[in-house]
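Listed below, chain by chain, are the residues.
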Amino acid sequence: MYKVLVEKTVDLPRKKLFDALMSFGGLEELLPDMIASCEVAGSGIGASRDIKMKDGGRVVERLDVAHDDTVFGYSITYNDALPFENYCAVVTLEDAGNSTIARWGSNWNAKGATDEEVKEALTGLYSTLLDGLQKTG
């Protein structure tokens, strides 16, 4: 069970949405008000993205899971910007005709904020990211 789970139908074929997630970069285009830069090192499992926030903070994420164009998972390995620690997330994708049902869930421990504040922030973030992937896809 996840602490946060967002389910959304995205008007993209599953393979196209999965490939967009697997590119692991481009977050500054999806979240221009929040992210100054996003540099990807490597590809596939073990790839990392170094995210520099506009407010000066930094987050490093690692791609941990990629399976059969249906499951994508990542974790945060460094974080001095967000109010949580021990973060891991999984995105599952399911065909829905020419669209995809995306489920983005995560677990974490709040740090410097309440669980409710983190849940609200991540729910909004995942929805915004899925909407952005749809628009750019």
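Along every chain, residues carry numbers that run from 1 in the direction the sequence is written. Side-chain atom pairs in this predicted model are given and counted only at pLDDT of 80 or more, local residue features only at pLDDT of at least 70, and totals for whole chains, interfaces and linings cover all residues. By convention in this description, side-chain values take in all heavy atoms of the structure and omit both hydrogens and water.

Residues separated by three or four positions in an α-helix point in the same direction, a consequence of the helix having 3.6 residues per turn. Buried within helix 1 (residues 14-23) we find Arg-14, Leu-17, Phe-18 and Leu-21. Buried residues of helix 1, viewed axially, fall in a sector of 100°; they line one side. We call two residues in contact when some of their heavy atoms are within 4.5 Å. Counting from the N terminus, the helices are the DSSP runs of H or I reaching at least four residues and the strands are the DSSP runs of E reaching at least two. On its buried face, helix 1 is in contact with strand 1 (4-10), strand 4 (58-67), strand 5 (71-79), strand 6 (84-96), strand 7 (99-110) and helix 3 (115-136). When a residue's accessible area, from a 1.4 Å probe over protein chains only, is under 20% of the maximum for its type it is buried; when over 50% it is exposed; and in between it is partly exposed. Taken from the helix axis, the directions to the C-beta atoms give the arc we talk about.

Tracing the backbone shows Ser-127 in helix 3. Among the residues examined, Ser-127 registers a relative accessible area of 19% and is labelled buried.

On to the layout of surface pockets, then. Residues are said to line a cavity or pocket when one of their atoms sits within 4 Å of a point; the points come from a 1 Å grid over protein atoms alone, cavities being sets where a 1.4 Å probe fits but cannot get out and pockets being open sets with protein on both sides within 12 Å along at least five of seven lines. Grid points are joined across faces, edges and corners, and a volume is the space filled by probe spheres set on the points. Its volume calculated, the largest pocket comes out at about 490 Å³. As for the largest pocket, its lining consists of 33 residues, and the residues nearest its centre are Leu-27, Leu-31, Arg-49, Glu-61 and Leu-129. Among the elements that take part in the lining of the largest pocket, helix 3 stands out by supplying eight residues, more than any other. Residues are grouped as follows: Ala, Val, Leu, Ile, Met, Phe, Trp, Tyr, Cys and Pro are nonpolar; Asp, Glu, Lys and Arg are charged; every other residue, Gly included, is polar. Taken together, the residues of the lining of the largest pocket break down into 26 nonpolar, four polar and three charged.

The next thing to look at is the sheet that holds strand 7. Criterion used throughout: strands pair if DSSP finds at least two bridges between them. Across the sheet, which stays open at both edges, the seven strands sit in the order 1-7-6-5-4-3-2 with antiparallel pairing between neighbours. What marks the edges here is a single partner per strand, and that holds for strand 1 and strand 2 (35-41). The sheet shows a mean angle of 20° between the axes of neighbouring strands, taken without regard to direction. Relative to strand 4, strand 3 (residues 48-53) is paired through five bridges, and the arrangement is antiparallel. Paired with Ser-48 across the strands is Arg-62, a residue of strand 4. Along the sheet, helix 1 contacts strand 1, strand 2, strand 4, strand 5, strand 6 and strand 7; its crossing angle with strand 6, the most-contacted strand, is approximately 155°. Docked against the sheet, helix 3 engages strand 1, strand 5, strand 6 and strand 7, running at close to 20° with respect to strand 1. Between the N-to-C directions of two axes lies an angle of 0 to 180 degrees, each axis being a line fitted to C-alpha atoms and, for a helix, fitted only over the stretch in contact.

Our next topic: the pattern of salt bridges. Opposite charge on two side chains allows them to pair when their charged atoms are near. Whenever a carboxyl oxygen of Asp or Glu lies within 4 Å of a side-chain nitrogen of Lys or Arg, that contact is scored as a salt bridge. Per the counting criterion, the structure on display carries twelve salt bridges. With a shortest N-O distance of 3.0 Å, Glu-7 and Arg-103 are connected by a salt bridge. With a gap of 96 residues between them, Glu-7 in strand 1 and Arg-103 in strand 7 connect regions that are remote in the sequence. Lys-8 is the partner of Asp-131 in a salt bridge, and the nearest nitrogen-oxygen pair spans 3.1 Å. Note that Asp-131 is positioned in helix 3 and Lys-8 in strand 1, a separation of 123 residues in sequence. Overall, Asp-131 belongs to the partly exposed group, its relative accessible area being 32%. Several salt bridges converge on common partners, so that one network encompasses Glu-7, Glu-94 and Arg-103.

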